[in-house]
Amino acid sequence: MMPVSGQLFDNADPDGSERIGEGTVLFRGRLADRAEEIIDAIRQIAEPSPFRHLITPGGHRMSVSMTSCGELGWMSDRKGYRYTSTDPRNNQPWPAMPSLLADLATAAAADAGFDHYRPDACLINRYRPGTKLSLHQDKDERDPSHPVVSFSLGLPATFLWGGFKRSDKPQRLLLEHGDILVFGGPDRLRYHGILPLPDGEHPLLGAQRINLTFRKAG
Ligand code: MD3
Ligand code: FE
């Protein structure tokens, strides 16, 4: 059993998880004692495939900077959003997904009720103070019946958990260092985003937040 941090709510299970929606489960602080190892793995991924600001199809530079690991990596440019098997910056395969990361994602998915989850893509987002992610849906994956698993590290951020239309008023949820959020089933196509990151200093990451999202994209 993983250590539980934070308060238990009346929607909390004995393992410390909180059910946010039908297909959404939050595991607070679950990564806290693996954070150094995970950050080390991210540093190794960013050597061959550094964080970069992508351009949206509409021509805007995203305020989040990103990289990927796994068989597939997420890409955006003037031509659209898509997954690729190579990093367009160096034309090499994306760095392999470390089993440390894949295994933690598989275990969290299983604890949220999604068995046999094996991600083939991990998108890594880096937020600096002021960085935001506007409301969007994740729908570039071939089969959205597979959940998305998200790891939060570093500074806390306000996550927007919306509805199925962009205009639905989102709920707010604070995502903190070490939190895992699993999104699947009926919640998988909800609009979601991140409010501008407040200033701060995290003991392991300084003035940044890093989010990893694991997907079965292919
Ligand atoms: C809800 N990332 O990379 S993670 C993304 O914190 C993304 O960087 C945010 O949205 C971040 O696409 C939020 C939580 C998350 C990830 C995927 C979802 C929530 C989701 C897919 C469907 C519904
Ligand atoms: Fe998303």
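No experiment lies behind these values; they were computed from the predicted model shown. (Residues numbered from 1 in each chain as written. Chains lettered and ligands numbered in written order. Predicted model: local features only at pLDDT ≥ 70, side-chain atom pairs only at ≥ 80, totals over all residues. Heavy atoms only, no water.)

Caption draft 1: Structural detail: the overall build of the chain. Counting its regular elements, the chain contains 2 helices and 15 strands. With the C-alpha coordinates aligned to their principal axes, the bounding extent of the chain is approximately 50 × 40 × 40 Å. Counting over 218 residues, the chain shows a buried share of 52%. Of the contacts formed within the chain by residues at least 6 apart in sequence, a portion of 71% connects residues at least 24 apart. (Helix = DSSP H or I, 4+ residues; strand = E, 2+ residues; numbered from the N terminus. Buried < 20%, exposed > 50% of the residue type's maximum accessible area, 1.4 Å probe, protein only. Contact = heavy atoms within 4.5 Å.)

Caption draft 2: Up close: the site of ligand 1. Surrounding ligand 1, one finds 19 residues, the nearest of these being Asn125, Tyr127, Arg188, His192 and Arg209. At a separation of 2.9 Å, an oxygen atom of ligand 1 approaches a polar side-chain atom of histidine 192. Between ligand 1 and arginine 215 there is a distance of 3.0 Å, counted from an oxygen atom to a side-chain nitrogen or oxygen. Relative to its free-state accessible area of 490 Å², ligand 1 is covered by the protein chains to the extent of 98%. When residues of the shell around ligand 1 are traced back to their parent elements, those giving at least two are β8 (121-127), β9 (133-136), β10 (148-154), β14 (192-194) and β15 (209-215). Of the residues forming the shell around ligand 1, the biggest block, 4 residues, is contributed by β15. Looking at the shell around ligand 1 residue by residue, the class counts come to 7 nonpolar, 6 polar and 6 charged. (Near = heavy atom within 4 Å. Polar contact = N/O pair within 3.5 Å; in protein donor to acceptor, adjacent residues only side chain to side chain. Areas by Shrake-Rupley, 256 points an atom, 1.4 Å probe, with all protein chains shown as cover. Nonpolar A, V, L, I, M, F, W, Y, C, P; charged D, E, K, R; others polar.)

Caption draft 3: The arrangement of the environment of methionine 66 in detail. Mapped onto the elements of the fold, methionine 66 is located in strand β3 (residues 65-70). Taking the relative accessible area as the measure of exposure, methionine 66 reaches 3% and is therefore buried. Along the backbone, methionine 66 and alanine 46 are 20 residues apart, and their C-alpha atoms lie at a distance of 9.4 Å. Dropping the residues within four chain positions of it, methionine 66 is found in contact with Pro50, Phe51, Arg52, Leu54, Trp74, Leu123, Ile124 and Asn125.

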